[in-house]
Amino acid sequence: MRRRDDDPEGSAPGTGSAQQPALHAKGGLSVRSARKVQEFLDENFTRKLALGEMAAVCGLSPYHFMRAFSRTFGMPPHQYVLDLRLDFAERLLAESRMTIADIAHLAGFSSQSHFTTVMKKYRQVTPLQARVVKLNSKVR
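The paragraphs below set out a description of the structure included in this document.

Analysis parameters
- Residues numbered from 1 in each chain as written.
- Predicted model: local features only at pLDDT ≥ 70, side-chain atom pairs only at ≥ 80, totals over all residues.
- Heavy atoms only, no water.
- Helix = DSSP H or I, 4+ residues; strand = E, 2+ residues; numbered from the N terminus.
- Buried < 20%, exposed > 50% of the residue type's maximum accessible area, 1.4 Å probe, protein only.
- Contact = heavy atoms within 4.5 Å.
- Phe/Tyr/Trp six-rings, centres within 6.5 Å; stacked < 30°, edge-to-face > 60°.
- Salt bridge = Lys/Arg side-chain N within 4 Å of Asp/Glu carboxyl O.
- Expected span 1.5 Å × (residues − 1).

**Section: the overall build of the protein chain**
Scanning the protein chain for helices and strands turns up seven helices and zero strands. Element order for the protein chain, N to C, with α for helix and β for strand: α-α-α-α-α-α-α. Across the 140 residues that make up the protein chain, the buried fraction comes to 41%. Within the protein chain, contacts between residues separated by at least 24 positions form 59% of all contacts whose residues are at least 6 apart in sequence.

Here it is, written out as structure tokens:
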């Protein structure tokens, strides 16, 4: 789907955006594992992902993967995936006329309600509010 290194500023939009890995973090993932899991998540964040599936990308047990991922990326895998979904959804809200329900589905949320709840919690705006802000900033 999308890759964060395509972003000219080097980071994804939004206040809680998924971070670049802190390479060589003590107890974290190796550079190779961090790159592999980041690529895997960038390609698969819109579907349901199990911790075991993410851990298998790095050849680690789910327990060790969770700890190493958190040390490397500064957040647990679940939060990282949510940030990827929210970044993608915010971009769709700004760049398309798709319905919020369709955007929620494409971004991997179980429903429009789930999308709205998560966005309000982590970005402090609803999808409709985010769309209006993005549209108003384009008009100016």
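Still to come is the rest of the account.
**Let's talk about the packing of aromatic side chains**
With the rule as written, the count across this model stands at six aromatic pairs. For the ring pair Phe 65 and Phe 69, a centre distance of 5.5 Å and an interplane angle of 50° mean the geometry is tilted. In this pair, Phe 65 and Phe 69 both sit in helix α3 (residues 62–73), four residues apart, roughly one turn of the helix. Since its relative accessible area comes to 0%, Phe 65 is described here as buried.

**Focus on the pattern of salt bridges**
Applying the stated rule across the entire model yields four salt bridges. Two residues, Arg 47 and Glu 53, come together in a salt bridge whose shortest N-O distance is 2.4 Å. For Glu 53, a relative accessible area of 29% gives the class partly exposed. Of the charged contacts, one joins Glu 90 and Arg 123 as a salt bridge, the two residues approaching to 2.7 Å between their closest N and O atoms. Of this pair, Glu 90 sits in helix α4 (residues 77–95) while Arg 123 sits in helix α6 (residues 112–123), placing them 33 residues apart in sequence. Residue Glu 90 is classed as buried on the basis of its relative accessible area of 7%. Given a relative accessible area of 7%, Arg 123 falls into the buried group. Here the salt bridges do not stand alone but share partners, grouping Asp 83, Asp 87, Glu 90 and Arg 123 into one network.

**Here's the deal with the environment of Lys 120**
In this structure, Lys 120 sits in helix α6. You can call Lys 120 partly exposed: its relative accessible area is 43%. In this structure, the C-alpha to C-alpha distance between Lys 120 and Ala 130, residues 10 residues apart in sequence, is 9.9 Å. Those residues in contact with Lys 120 that sit more than four places away from it in its chain are Val 125, Thr 126 and Gln 129.

**A closer look at helix α1 (residues 31–44)**
Spanning 14 residues, α1 covers 20 Å between terminal C-alpha atoms, matching the ideal 20 Å at 1.5 Å per step. Ser 33, Ala 34, Val 37, Gln 38, Phe 40, Leu 41, Asp 42 and Asn 44 are the residues of α1 that are buried. Packing partners of the buried residues in α1 comprise α2 (51–58), α3 and α4.

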